[in-house]
Amino acid sequence: MTLVAAGIAVGWGVPQWRAGHLSGSPAANITVASAPTERKVLYWYDPMVPTQKFDKPGKSPYMDMPLMPKYADEDTQDSTGLSVSAQAVQALGLRTAEVLQGKIGADVNVVGTVLLNDRDVSIVQARTAGFVERVYARAAGDVIAAGAPLADLLLPEWIAAQREFLSVRAMGDAPLTAAARQRLLLLGMPQALIAQVERTGEPKGLYTVTTPQGGLVAELMVRQGMTVSAGESLARVNGLATVWIEAAVPEAQSGPLQVGQTAQVRLAAFPGEVLQARIVSILPEANRDTRTVRVRLEMANPGQRLKAGMSGQIALKGNEQPALLVPSEAVIRTGKRALAYVVDGPGKFHPVEVQVGAEVGDQLVVNGGLAAGQQVVASAQFLIDSEASLRGVLPAGAAASAPASPHNGHGTSSPPAAATNAFVVRGVIEEMSPTELTLAHEAVPALQWPAMTMGFKLSSPQLAEGLSVRQQVRFTFSKQGEGYVITAIEKVQP
C-alpha cells in the first residue's frame, strides 16, 4: 500500500510541477483544457448592420450571409476603446499611419496666356495742327527702336511763331526775347528745334515725329496727305521690355494669393525652361460664370522672345503654414462628422472625432482631434467602425441609434427603418460629379439586386474628395425618398 500511494503521489506531482514551470513561460497565454467549455452567446448580429441584435442564429435579413455570434467573454473592454485580436488584424490587412507635423502651402497650378504690358504704352500725338508730308515705312505690328521716325509734318503755326521769335530777338530786348522763346515751348516745340532756329536764324516748319520708346507699333493712324489737328493721335507704341501673363485662378484657391508673390512659368514654346514672374495685380471682380479670379503677373522679356498669345503653366507657391497631416484614407467622413481610430496599443483602438481641413495630395489637414506622433488606422476602418458601433464605443452621436424591436421567428426580427435601409457593398466608380457617383457595384441580395451599374446621390459633396474614376471603393448607401444616397465611402485596394 505504501508503494502504491507513493506512485500515485509521484504521478500527480510531475504534471503539477510542469504546469507550475510553464506558467512563467511565454507559452502561458495558450490555454489547454482537458474538456472544452461552452462559450456563452449573448446574441447574434450582422456585421454590416451591427446595431441590430437577434436572439437566434440564422441568415441575415439584410445580406446573404449567416449571423455572427456575440460571446459574453468578448465584451470585456471599456466604453472608450476597442480590442481586435492579432489574427483579425492580420486577416483584415490593417495598416496604421503616424499623425505628422508638417508644412503646407497653398500651391496653385493654372494655365496662363502671355499679353502685352498695358502699363508700358506710349501715344504719339500731333502737338499742333498741320499736314502730313511724309510717312516712313511703318505698319502696325512692326517692332521699332526708340527715336525711330514715323512721319514728317508741316506745321504753319510753328513757322509763324518762329518768325515772330526771330524778329523779337533781333531787337535785342532780352526780356521780350525770353518771353517769345517761352511761347515756342508752350506751342509744343522741342528744345532741340528751338535751339536749331536760334542757331540758323531761319524758321523750320517741317517737323519729324519720332517714337519716344522702342517696342511694338500697336496702331498707326497717320497717312501721307492727311490733315491733323492739335492733340490728334498718330500712333500707339507698346513696350516689349516686360510682358504680362494673365491666368484665371479658381475662386476657392485665390484667397492666399498676394501682390508681389513670385511664380514659376513654363511656356510651351520653351520646353524644359523655367521662367520667373511676379504678381502685379489681382483683379477685384470674379467671373460669375466660371467662378475664377483674374491674376496678372509680370516678367522680363530679354531679347523679346516672349510673344503675346503664348500659353503655358503657372505654378504659384503659397506661404507655407504648419499643419497636422494624416493620410486621407485614415479618416471616415459621413457628411455630418469625421472619425479616425487612434492606436492605443497592439490590437487596441479608440475612435476620435476630428476636424478636417484642406486635402493636399493624398494627405488631409487635421484642425483638431489628433496630436502629432499618434498612430491612426489607415485601412479597414469601416469594419472596425462596425465593431465599435456594435460595442457602443463611438463618440456621442457617431453611431446610428436604433430602438429595440421584438424578435420573431428563427433568426429574424422586425428591424427599424434606419437599419433595414443601410447597405454596404463594393464597387468601381464609372462617372463622378460633385453631387453624384455612378458605380458598377456587386449584387445586393437584401434588395434582390444583381450586379449592375447605377447612379447614387451623395449625402455630402465632401464624400467625393480624393476619389477618381475607375477607383475601387466600399460604400454605404440607404434609400432616401425615391432615390438611393451614399452616406459613407472609402477606397479599397484592388
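Residues numbered from 1 in each chain as written. Predicted model: local features only at pLDDT ≥ 70, side-chain atom pairs only at ≥ 80, totals over all residues. Heavy atoms only, no water.

Novice: Explain the overall build of the protein chain to me, please; I cannot follow it from the model alone.
Specialist: When its secondary structure is counted, the protein chain shows seven helices and 32 strands. Counting every position in the protein chain, which comprises 494 residues, the buried fraction comes to 38%. In the protein chain, of all internal contacts separated by at least 6 residues, the share reaching a separation of at least 24 is 67%. Surface exposure of the protein chain reaches about 26900 Å², of which carbon and sulfur atoms provide 55%. (Helix = DSSP H or I, 4+ residues; strand = E, 2+ residues; numbered from the N terminus. Buried < 20%, exposed > 50% of the residue type's maximum accessible area, 1.4 Å probe, protein only. Contact = heavy atoms within 4.5 Å. Areas by Shrake-Rupley, 256 points an atom, 1.4 Å probe, with all protein chains shown as cover.)

Novice: Even after reading the chapter, I still don't get the pattern of salt bridges, so can you show me in this structure?
Specialist: If charged atoms from side chains of opposite charge come close, those side chains can pair. By the definition in use, this model includes 13 salt bridges. Of the charged contacts, one joins Arg 294 and Glu 246 as a salt bridge, the two residues approaching to 2.9 Å between their closest N and O atoms. Here Arg 294 is found in strand E19 (residues 292-300), whereas its partner Glu 246 is found in strand E16 (residues 242-250), with 48 residues between them in sequence. Residue classification places Arg 294 among the partly exposed residues on the basis of a relative accessible area of 36%. Since its relative accessible area comes to 18%, Glu 246 is described here as buried. (Salt bridge = Lys/Arg side-chain N within 4 Å of Asp/Glu carboxyl O.)

Novice: Quick question: what am I supposed to make of the sheet that holds strand E30 (residues 452-458) here?
Specialist: Strand pairing within a sheet occurs via backbone hydrogen bonds; the two strands may be parallel or antiparallel. Here we have five strands rolled up into a closed barrel, ordered E28-E29-E30-E32-E31, and mixed in their pairing. Going across the sheet, the axis of each strand differs from the next one's by a mean of 55 degrees, ignoring polarity. (Pairing = 2+ DSSP bridges. Axes fitted to C-alpha atoms, helices over the stretch in contact; angles between N-to-C directions.)

Novice: Would you mind going over the sheet that holds strand E13 (residues 215-220) with me for this structure?
Specialist: Spatial ordering of the open sheet is given by E8-E15-E13-E10, a layout of four strands whose pairing is antiparallel. Every other strand in the sheet has two partners, leaving strand E8 (121-125) and strand E10 (143-144) as the edge strands with one partner each. Pairing between E10 and E13: two bridges, direction antiparallel. Looking at E13, one finds that Ile 144 is bridged to Gly 215.

Novice: Would you mind going over the nonpolar core with me for this structure?
Specialist: Generally speaking, a soluble globular protein has its nonpolar side chains buried in company with each other. In terms of nonpolar packing, the biggest core is built from 29 residues, with Leu 153, Trp 158, Met 189 and Leu 234 touching the most fellow members. Secondary structure elements with two or more residues in this core: strand E11 (149-154), helix H3 (156-171), helix H4 (174-186), helix H5 (191-200), strand E12 (206-210), E13 and strand E15 (233-238). By residue number, the principal contributor to this core is H3, which donates five residues. Setting aside its immediate chain neighbours within four residues, Met 189 contacts Arg 127, Trp 158, Ala 161, Gln 162, Leu 184 and Ile 194. (Core = buried A, V, L, I, M, F, W, Y, C linked by side-chain atoms within 4.5 Å.)

Novice: For this particular structure, what's the right way to read the packing of H3 against H4?
Specialist: Between two packed helices, what matters for the description is the angle formed by their axes and the separation of those axes. For the pair H3 and H4, the least separation of the axes is 9 Å and the interaxial angle reads 165 degrees. When the axis of H3 is compared with that of H4, the two are roughly antiparallel. With respect to the hand of their crossing, H3 and H4 are arranged in left-handed fashion. Contact with H3, carried on its side by Ala 161, Gln 162, Glu 164, Phe 165, Val 168 and Arg 169, involves Leu 176, Thr 177, Ala 180, Arg 181, Arg 183 and Leu 184 of H4 and no other residues of that element. (Parallel < 35°, antiparallel > 145°, perpendicular 65-115°, else oblique. Left-handed = near helix turned anticlockwise from the far one by under 90°.)

Novice: Quick question: what am I supposed to make of the pairing of E11 here?
Specialist: Where strand E9 (residues 130-135) and E11 come together, four bridges link them in antiparallel fashion. Following the sheet pairing, Val 132 is matched in E11 by Leu 153. Here E11 runs beside E12; their pairing, made up of five bridges, is antiparallel. For Leu 154, the partnering residue across the bridge sits in E12 and is Leu 206.

Novice: Please explain the confidence of the model for the protein chain as it appears in this structure.
Specialist: Any segment with low pLDDT has predicted coordinates that should not be analysed in fine detail. Averaged over every residue, the pLDDT of the protein chain is 79; the share at 70 or more is 79%. Confidence drops under pLDDT 50 across residues 75-79; counting only partners more than four residues distant or on other chains, this segment forms eight contacts. (pLDDT = per-residue confidence, 0-100.)

Novice: Hey, could you run me through the pairing of strand E31 (residues 472-480) in this one?
Specialist: Residues in a regular strand point their side chains to alternate faces of the sheet. Looking at chain direction, strand E28 (residues 422-432) and E31 are connected through seven bridges and run antiparallel. Looking at the pairing, Phe 423 lines up with Phe 477 of E31. Relative to strand E32 (residues 483-491), E31 is paired through eight bridges, and the arrangement is antiparallel. Bridge assignment links Ser 478 to a residue of E32, and that residue is Val 485.

Novice: How should I be thinking about the environment of Ala 263 in this particular structure?
Specialist: Structurally, Ala 263 can be placed in strand E17 (residues 262-267). Given a relative accessible area of 2%, Ala 263 falls into the buried group. Separated by 36 residues in the primary sequence, Ala 263 and Met 299 have C-alpha atoms spaced 9.8 Å apart. Those residues in contact with Ala 263 that sit more than four places away from it in its chain are Leu 275, Gln 276, Ala 277, Leu 297, Ile 314, Ala 315 and Leu 316.

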